[in-house]
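Chain by chain, the residues run as shown.
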Amino acid sequence: MSILVARKVRKTYGKRALKQEVLKGIDLEVSKGEFVGIMGPSGSGKTTLLNVLCSIDSVSEGLVEINGQQLQGMKEKVLANFRREQLGFIFQDYNLLDTLTVKENILLPLSISKIPKAAAEARFKELVSILSIEDITSKYPNEISGGQKQRTSAARALISNPSIIFADEPTGALDSKSATALLSNLERINKDKQATIMMVTHDAVAASFCSRVLFLKDGKIYTELYKGDKARNEFFQQILNTQSVLGGDGYDA
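My aim in this report is to walk through the structure given alongside it, one point at a time. (Residues numbered from 1 in each chain as written. Predicted model: local features only at pLDDT ≥ 70, side-chain atom pairs only at ≥ 80, totals over all residues. Heavy atoms only, no water.)

### Structural notes on the sheet that holds strand β7 (residues 164-168)
Consideration 1: The mixed open sheet is built from six strands, whose spatial order is β6-β7-β8-β3-β9-β10. Strand pairing shows two members of the sheet lacking a second neighbour, β6 (87-91) and β10 (220-226), which therefore form its edges. The sheet shows a mean angle of 20 degrees between the axes of neighbouring strands, direction not considered.
Consideration 2: Both strand β9 (residues 212-217) and β10 contribute to a ladder of six bridges, which runs antiparallel. If you follow F215 over to β10, its bridge partner there is T223.
Consideration 3: Contacts between helix α5 (residues 146-158) and the sheet are confined to β6 and β7, with β6 contributing the most and set at about 170 degrees to the helix. (Pairing = 2+ DSSP bridges. Helix = DSSP H or I, 4+ residues; strand = E, 2+ residues; numbered from the N terminus. Axes fitted to C-alpha atoms, helices over the stretch in contact; angles between N-to-C directions. Contact = heavy atoms within 4.5 Å.)

See below:
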């Protein structure tokens, strides 16, 4: 079953002489339970692709469907409700509210939903246990580490049981230990709860946690790799080899 479908997606910025086509006819499908990485050299369009898929930005041409609902043409209020109910977001800069505790930040997406308090509390307890942040739930963002902030952000993205989670460089601001912990948790949630995840990353180590990796070049899908039964270190090497073919030195730092 396809959770996300994109057909002939194009994204253009500017007009006339300043016109720049960033996405040049992207076609892709993401099935329920996939963990998909998006990679590519700097300027290849990977963040732009993520943004149009998750409705942060609009397509210039083409269509995007999530759970059978076409995003193009949705009224802003309907689209806002759709984002809140169907989509989860994890960003590099955490986007936590400093005036709320970890628990309050995580539960924020449910604050205007009709989910019973007991059900919300059960979801909360399950997620903080999986992400190993039970001991910081009463603290504020300025009292916890970057890794803990990102795991809080992940819990907030997951609390509403979204159809798909979009992650933009979620390990970009983390040290290697914190990054590995976060990715291991995302991998576990993907496998145990069949959570569907799309993640932009420049890091081959991060991408090796995915089940499939799309490589963009010049606004088009250049190739894709499937992990299958490969060990993570073997998949990592395959990703590195593909990066080198595409031009490894041009990848974002």
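That covers the picture; the talk isn't over yet.
### With respect to the nonpolar core
Consideration 1: Core analysis: the largest hydrophobic core is formed by 44 residues, its most contacted members being I106, V213 and I239.
Consideration 2: Apart from the residues within four sequence positions on either side, I106 is in contact with F124, V128, I133, T152, A155, R156 and I159.
Consideration 3: A6, I38, I164 and L214 belong to the second-largest nonpolar core, a separate cluster that totals 30 residues. (Core = buried A, V, L, I, M, F, W, Y, C linked by side-chain atoms within 4.5 Å. Buried < 20%, exposed > 50% of the residue type's maximum accessible area, 1.4 Å probe, protein only.)

### A word on the side chain of T101
Consideration 1: Within the secondary structure layout, T101 lies in the loop between β6 and α3 (102-107).
Consideration 2: If we ignore the near neighbours within four places in the chain, the residues touching T101 are T137, S138, K139 and Y140.

### Examining the side chain of S160
Consideration 1: Among the structural elements, S160 can be located in the loop between α5 and β7.
Consideration 2: S160 gets classed as buried once you look at its relative accessible area, which sits at 14%.
Consideration 3: Residue contacts for S160: discarding those within four places in its chain leaves R84, E85, L110 and R123.

### Some thoughts on the sheet that holds strand β1 (residues 2-13)
Consideration 1: Taken in spatial order, the four strands line up as β2-β1-β4-β5 in an open sheet, and their pairing is antiparallel. Each end of this open sheet is capped by a strand with a single partner; those strands are β2 (20-31) and β5 (69-70).
Consideration 2: Sheet analysis places β1 next to β2, joined by nine bridges and oriented antiparallel. Residue pairing across strands places R10 opposite K24, the latter belonging to β2.
Consideration 3: The sheet contacts of helix α1 (residues 46-53) involve β1, β2 and β4 (61-66), and relative to β2 the element is tilted by about 60 degrees.

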